[in-house]
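Results of the structural survey
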Amino acid sequence: MMALGTLLRKPPLPPGGCRAFWGWLNAVFNKVDHERIRAVGPDRAASEWLLRCGALVRYQGSPKWQQDYNGLPTGPRGKYKIEAIDATDSCIMYRGFDYLDGLEHVTDIKLEKCMYIQDECLQRLSETSNLQKSLQKLEIISCGNVTDKGILALHKLTNLEYLYLSDLPGIREKETTFRVLQQALPNLELELDLE
């Protein structure tokens, strides 16, 4: 007969089991709900996505960052327009980037310590026509999956005025990458901290 302690002992988690669970949950948080976008509008739906993933948003005309999902402002559809996104330590990933398509007033995005941000995300960001028109400031900091390819994709953000890049170990061809980007965007102020 087995001892009671043996029966009550929890089985060990498989290697990476806990990490796999969080990866799955983050993917669920990033699943795009197109019906929700149609129902509440792109800014509200994107706000819900960003806050659900741990990011912050700031609306036009407000100096305050919205960080509480349950405290999202209510009002008529279209009243609150996202002007800035701070995705520091958030779990946003490529899968959710369709939420950005309808945003017309975003001037400022900060991607810091975003473990799921990779080159494809930056390419998708730069191909979003509304962001091509509105985005003026972009900061990419400590996103380990970003390489030269992702930075070069930013050339489509034709209104980008300021780009800050820091702690990006995936960037290998610094001089070439930045020269090509500066040629594509001659009015861009490029600030680097990549040593």
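Residues numbered from 1 in each chain as written. Predicted model: local features only at pLDDT ≥ 70, side-chain atom pairs only at ≥ 80, totals over all residues. Heavy atoms only, no water.

Looking at the sheet that holds strand β6 (residues 162-166)
- Taking strand neighbours across the sheet as the criterion, the seven strands line up as β2-β1-β3-β4-β5-β6-β7 in an open arrangement whose pairing is mixed. The open sheet is flanked by β2 (65-66) and β7 (189-193), the only strands paired with a single partner.
- As defined by bridge partners, strand β1 (residues 56-59) adjoins strand β3 (residues 82-86) across four bridges and the pair is classed as antiparallel. What sits directly across from V57, in β3, is I85. (Pairing = 2+ DSSP bridges. Helix = DSSP H or I, 4+ residues; strand = E, 2+ residues; numbered from the N terminus.)

Focus on helix α4 (residues 42-52)
- α4 sits mainly inside the fold: eight of its eleven residues count as buried.
- Burial in α4 covers these residues: D43, A45, A46, S47, E48, W49, L50 and L51.
- Of the residues one or two after α4, G54 is the one with positive phi, at around 95°. (Buried < 20%, exposed > 50% of the residue type's maximum accessible area, 1.4 Å probe, protein only.)

Topic: the pattern of salt bridges
- Summed over all chains, the structure comprises nine salt bridges.
- In this structure, R36 and E48 form a salt bridge, with 2.6 Å as the shortest nitrogen-oxygen distance. Taken together, the positions of R36 in helix α3 (residues 34-40) and E48 in helix α4 put the pair twelve residues apart, joining distant regions of the chain.
- Looking at R36, the relative accessible area reads 30%, which means it is partly exposed.
- Assessed through its relative accessible area of 4%, E48 is described here as buried.
- The residue D98 makes a salt bridge to R124 at a minimum N-O spacing of 2.7 Å. A residue pair is termed long-range when its members are at least 10 positions apart, and D98 in the loop between β3 and β4 (108-112) and R124 in helix α5 (residues 119-127) qualify at 26 residues.
- The network of salt bridges with shared partners includes R36, R44 and E48. (Salt bridge = Lys/Arg side-chain N within 4 Å of Asp/Glu carboxyl O.)

Let's talk about the pairing of β7
- Two strands pair when backbone bridges link them, and β6 and β7 are joined in this way by five bridges, in the parallel orientation. Each bridged residue has a counterpart across the sheet, and for L163 the counterpart in β7 is L190.
- Read as a crossover between parallel neighbours, the route from β6 over helix α8 (residues 174-184) to β7 is right-handed. (Right-handed = clockwise from strand over helix to strand, strands pointing away.)

Here we look at unusual backbone geometry
- Unusually for a residue other than glycine, K113 sits at a positive phi of about 55°.
- Here K113 shows up in the loop between β4 and α5.
- For K113, a relative accessible area of 46% puts it in the partly exposed group.
- Residues other than glycine seldom take positive phi values, yet D167 does so here, at roughly 50°.
- Take D167: it is sitting in the loop between β6 and α8.
- For D167, a relative accessible area of 44% corresponds to the partly exposed category.

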